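Below are the chains, spelled out letter by letter.
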Amino acid sequence: FVIGRPDSLASPWQPQEVAASDPAYLLGRTETDGRAIAQYHVAAGYDMVKVHHNTPLAVWRGLTDEGTRIGIPIVGHAPPSVGAATVLTSARQSSIEHYSPFVYLVQAADAPSRTAEAWYDQIFGPYRHVDHERLALLAELAAASGTWFVPTALVAEWYSGPQPEMVAHLDDPEVLRFTSPAQRGTWRQYAGGFASYLEPWGIDMSLERPFALAFVRAFHAAGARMMIGSDAPATMVPQGLATHA
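Residues numbered from 1 in each chain as written. Predicted model: local features only at pLDDT ≥ 70, side-chain atom pairs only at ≥ 80, totals over all residues. Heavy atoms only, no water.

A. Quick peek at the layout of surface pockets. A volume near 960 Å³ is recorded for the largest pocket. Surrounding the largest pocket, 31 residues form its lining, His53, Ser100, Tyr104, Ile123 and Tyr159 being those nearest its centre. Considering every element that reaches the lining of the largest pocket, the biggest residue donor is helix H9 (residues 181-198), with four residues. The residue makeup of the lining of the largest pocket, split by class, is 22 nonpolar, seven polar and two charged. (1 Å grid on protein atoms, 1.4 Å probe; cavity = no way out; pocket = protein on both sides within 12 Å on 5 of 7 lines; lining within 4 Å. Points joined across faces, edges and corners; volume = space filled by probe spheres on them. Helix = DSSP H or I, 4+ residues; strand = E, 2+ residues; numbered from the N terminus. Nonpolar A, V, L, I, M, F, W, Y, C, P; charged D, E, K, R; others polar.)

Below is the structure:
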């Protein structure tokens, strides 16, 4: 993951910092950082670099510029700092993961979520106001872009499911076979408190599943390029098994 770099750390980014930090995260703040991170991955033999939800705009620009120049694919999220529309139309990323960034592009023009002040209305409100004509146009643009899309629609299945069923699923023999006790413990804790956490704001996660399925249907109908992805090991999504769900 390429994420934001605190102001307390110097720039430009230095490869030797990897050994002294969490190897799952690389910190960047400038376009120079982004180019250096891309060069580091090529030198280390990596096949691609993954953009994270929290990748800053300047880092994304440097990373994708250098990735294009030296021929290493840039994949991953459509960071809010960049915007799904920019990621899609720039042809800088080989793939974009998750259906969720695109709901903001297809909400109705008069959707209250466009001007909402509360964070929960900004994030979850668009699912209540999906304009399916906009979704069809987005799918056509996606197909023309040549970008690969990984909807990870299975995540929406778990978000919309009753919590008792989610917890009970953890005792499924196949889940026991492919997951660790620690992983199941984390999932159990999350599933047990998920509904109660969202209840104070009246958030209805069941709206994500219809959108995720509509997203896949529209993109498939338009001929967009799609790949299977389960977002494992996200909440309640066992590695391997989730791909066949």
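B. Region of the structure containing the nonpolar core. Core analysis: the biggest nonpolar cluster contains 38 residues, and Leu63, Phe102, Leu135, Phe149, Phe211 and Phe219 have the highest contact counts within it. Going through the elements one at a time, helix H1 (31-44), strand S3 (49-51), helix H2 (57-70), helix H3 (84-90), helix H5 (132-145) and helix H10 (208-222) are the ones with two or more residues in this core. With six residues, H10 is the largest single contributor of residues to this core. With near-sequence residues (within four places) excluded, Phe102 lies in contact with Ala84, Leu88, Ile96, Leu138, Phe149, Phe211 and Phe215. Grouped together as the second largest cluster of nonpolar side chains are nine residues, Met166, Trp187, Ala191 and Met236 included. (Core = buried A, V, L, I, M, F, W, Y, C linked by side-chain atoms within 4.5 Å. Buried < 20%, exposed > 50% of the residue type's maximum accessible area, 1.4 Å probe, protein only. Contact = heavy atoms within 4.5 Å.)

C. Representation of the packing of aromatic side chains in the model. Tallying each qualifying case throughout the model produces nine aromatic pairs. With centroids separated by 5.9 Å and ring planes inclined at 70°, the aromatic side chains of Phe102 and Phe149 adopt a geometry described as edge-to-face. With Phe102 in the loop between strand S5 (95-97) and helix H4 (119-124) and Phe149 in strand S6 (residues 148-150), this pair connects stretches of sequence that are 47 residues apart. Each of the two residues, Phe102 as well as Phe149, counts as buried. (Phe/Tyr/Trp six-rings, centres within 6.5 Å; stacked < 30°, edge-to-face > 60°.)

D. View of H1. With 14 residues, H1 should cover 20 Å at 1.5 Å per step; its first-to-last C-alpha distance of 20 Å lies within 8% of that length. Those residues of H1 that sit buried are Asp33, Gly34, Ala36, Ile37, Ala38 and His41. Here the buried face of H1 lies against strand S1 (2-4), strand S2 (26-28), S3 and H2. Phi for Gly45, located one or two positions after H1, is positive at around 90°. (Expected span 1.5 Å × (residues − 1).)

E. Spatial organisation of unusual backbone geometry. For the bond running from Ala232 to Pro233, omega is 0°, close enough to zero to count as cis. Considering the arrangement of structural elements, one finds Pro233 in the segment after strand S7 (225-226). At Ala91, a position not held by glycine, the phi torsion is positive, near 60°. Positionally, Ala91 belongs in the loop between H3 and S5. A positive phi angle, near 85°, is found at His98, a position not held by glycine. Summarising the element assignment, His98 is placed in the loop between S5 and H4.

F. View of the pattern of salt bridges. Summed over the entire model, instances satisfying the criterion amount to five salt bridges. Its salt-bridge partner being Arg92, residue Asp65 comes within 2.8 Å of it at the nearest N-O pair. Here Asp65, found in helix H2, pairs with Arg92, found in the loop between H3 and S5; they are 27 residues apart in sequence, far enough to count as distant. Accessibility expressed as a relative area gives 33% for Asp65, which makes it partly exposed. In this structure, Asp131 and Arg134 form a salt bridge, with 3.6 Å as the shortest nitrogen-oxygen distance. (Salt bridge = Lys/Arg side-chain N within 4 Å of Asp/Glu carboxyl O.)

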